[in-house]
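Commentary on secondary and tertiary structure
Okay, here's what each chain looks like letter by letter:
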Amino acid sequence: MNKSSMGMFGEFKKLLGHSMIYGVGAVIVKAISFIMIPIYTRYLSAKEYGVIEILDATISIISTVLTAGFGAAISKYYFYYKDENDKNQVISSALIFNLLIGIIGSLVLCCFSTYFSMAIFHTKEYTYCFQLMFATLFFEVCFCTPFSYLRIKEASFLYIIIMILRVILGLGLNIYFIVFLHLGIYGIFYSGLIVLLLSSIYLVYYTIKNAGIIFSFQKLKELLAFGWPLIPSNLGLYALNYSDRFFLSHFCSLSKVGIFALGCRFGSILSMLVGQPFTLIWIAFRFEIADREDVKEIYARVLTYLEFVLIFLALGLSLIIKDVISVVVGKAFFEAYKVVPLIAISSLFFEANSLFRIGIYLEKKTTWVPLTVWVPILLTLLLNWFVIPRYDVMGAGAIKIFAYFSMATITYFVAQKFYPIPYEFGRILKMIFVAVLIYLISFLLPSTSFCVSIMLKSLLTMTFPVLLHLFNFYDQKEKEKIKELYLWCKKRLYAK
């Protein structure tokens, strides 16, 4: 194996190492948070679950504007500067800006809580809920810089420890407020506010302690110049993610919103366990390796390997989800299982889109990013208007696949115009074909008990990498690495 190949796999190893740390942490966080699903679906009605989803969607959209695209901007300019003092100025200036914008935005929005309740729910009943949500908005905005700083410093263990502690505390408070005090949806907002308050105090302290307080108006201008063009695209992403909830609420009911939201929660497991952990380290890593001679090959292979993992897990999730939901959730939410495969498929295109953007960022062509989002969102809004009234949750799930596919396609062609990368689409199509084949075979499995059904479907899922070998998917270097891994595992097994 040549030196270039060895170096490329070395970079993959580094990326994989941090992604696995984030991934393991995400698994723990997700496992803990999933404990709440039986509680939510038994102590809250589908309507109340729908209200929570609408409120979360609203606050997410607003926070996107207030954070001003700083997540990507901080990573870009932190590595752009070589002097440590300049790097600290980037972090400190961003943090100060986030704090000021966060508190101003939260105070102003709280004054319009009644308006938001009337505009979205056509009643003043949820005014207090909006007040609580806008109070938490300040802390959400404050988190932007500290979390970016942790990723840049590759402090993956600290990041995950903080996330796990937040989820454990939130879980305990949710159980206390919902199960024992019977506060319903208010209990969720109370626990969220407490958790955000405590964690933000530490994160802001950590950032100031390490980066100092060194404000630079010039650095802030650079961050804003890079980040502001991303706001429309980030808003578009949230519109793609959450607009279906508002259409379901308008044309169907809040109960349908709750069922769809629960299906999305299960379907988004791929993004939570793979996509998000990967993105956390990829945001900084993609710029860190930009000067390598073989960087385009690395970018192409990263997409192939990421899609391999996503397709593999999407297949397994789609096979077992009906069995899982029948056991985990209340009867009012059972229909959510139909949505899950659609959301899992949409994740394949959503995560691909984030990788396609690399060329746009490297060439500083962020003014093109809104085009890659707003064309798909306009098409999606149009489809939502006509499809959701007729097909409700299933229509919303199908539209989400179209939304992310169209977004990824447009992003790909725009990015290739400025920075062409030889992605391995032939290999990705092979993976999709094999996954579809296995999914169709699953319909031949007999109906049986929960445990037997899960076991059979899990075994069927495990044939995915084997069938890929029969379709000549793996190249010589990958076969050598697989063989090395096999021999290492065999050696370790016999050593015991």
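Computed from a prediction, not measured in an experiment: that's the story for all the values here.

**Focus on unusual backbone geometry**
Positive phi, close to 60°, is recorded for H122, a residue that is not glycine. When you line up the elements, H122 lands in the loop between α6 (113–121) and α7 (127–152). For H122, a relative accessible area of 62% translates into the label exposed. Of note, H182 is a non-glycine position whose phi angle comes to about 55°, a positive value. Within the secondary structure, H182 sits in the loop between α8 (156–180) and α9 (185–211).

**Some words on the packing of helix α12 (residues 254–267) against helix α17 (residues 369–418)**
Between two packed helices, what matters for the description is the angle formed by their axes and the separation of those axes. Running from N to C, α12 and α17 cross one another at 40°; their axes reach a closest spacing of 10 Å. One element, α12, and the other, α17, form an angle in the oblique class. You can see that α12 and α17 cross each other, and the crossing is right-handed. Here K256, F260 and C264 of α12 lie close against α17, whose contacting residues are D392, V393, A396, G397 and K400. Residues that form the contact of α12 with α17 fall into these classes: four nonpolar, one polar and three charged.

**Notes on the side chain of T207**
Positionally, T207 belongs in helix α9. Excluding its chain neighbours within four sequence positions, the residues that come into contact with T207 are I91, L95, P146, Y149 and G212.

**Digging into the packing of aromatic side chains**
A full pass over the atoms with the stated rule returns 39 aromatic pairs. Residues W368 and F418 carry aromatic rings whose centres are separated by 5.4 Å and whose planes lie at 65° to one another, so their mutual orientation is edge-to-face. Separated by 50 residues along the polypeptide, W368 in the loop between α16 (358–362) and α17 and F418 in helix α17 bring together distant segments of the chain. Here F418 falls in the partly exposed class, since its relative accessible area comes to 22%. On the numbers, 5.2 Å between centres and 85° between planes, the contact of Y412 with F425 is edge-to-face. You can see Y412 sitting in helix α17 and its partner F425 sitting in helix α18 (residues 425–441), a full 13 residues away along the chain. Classification of F425 by relative accessible area gives partly exposed; the value is 33%. Within the aromatic cluster, the residues linked to one another by ring pairs are Y115, F116, F121, Y126, F130 and F134. The ring of Y81 has K219 sitting right over it, with the charged end atom 4.7 Å from the ring centre.

**What about the environment of L220?**
For L220, the position within the fold is in helix α10 (residues 217–227). Between the C-alpha atom of L220 and that of L371, which follows or precedes it by 151 residues, the distance is 25 Å. Leave out the neighbours within four places in its chain, and L220 touches F70, S93, F97 and F215.

**A few points about the environment of D244**
With respect to the helices, strands and loops of the structure, D244 is situated in helix α11 (residues 230–251). Each C-alpha atom of the pair D244 and L382 lies 11 Å from the other, and the pair is 138 residues apart in sequence. Sequence-distant contacts of D244, defined by excluding residues within four places in its chain, comprise F260, N384, I388, A396 and K400.

About the criteria used
Residues numbered from 1 in each chain as written. Predicted model: local features only at pLDDT ≥ 70, side-chain atom pairs only at ≥ 80, totals over all residues. Heavy atoms only, no water. Helix = DSSP H or I, 4+ residues; strand = E, 2+ residues; numbered from the N terminus. Buried < 20%, exposed > 50% of the residue type's maximum accessible area, 1.4 Å probe, protein only. Axes fitted to C-alpha atoms, helices over the stretch in contact; angles between N-to-C directions. Parallel < 35°, antiparallel > 145°, perpendicular 65-115°, else oblique. Left-handed = near helix turned anticlockwise from the far one by under 90°. Contact = heavy atoms within 4.5 Å. Nonpolar A, V, L, I, M, F, W, Y, C, P; charged D, E, K, R; others polar. Phe/Tyr/Trp six-rings, centres within 6.5 Å; stacked < 30°, edge-to-face > 60°. Lys NZ or Arg CZ within 6 Å of the ring centre and 35° of its normal.

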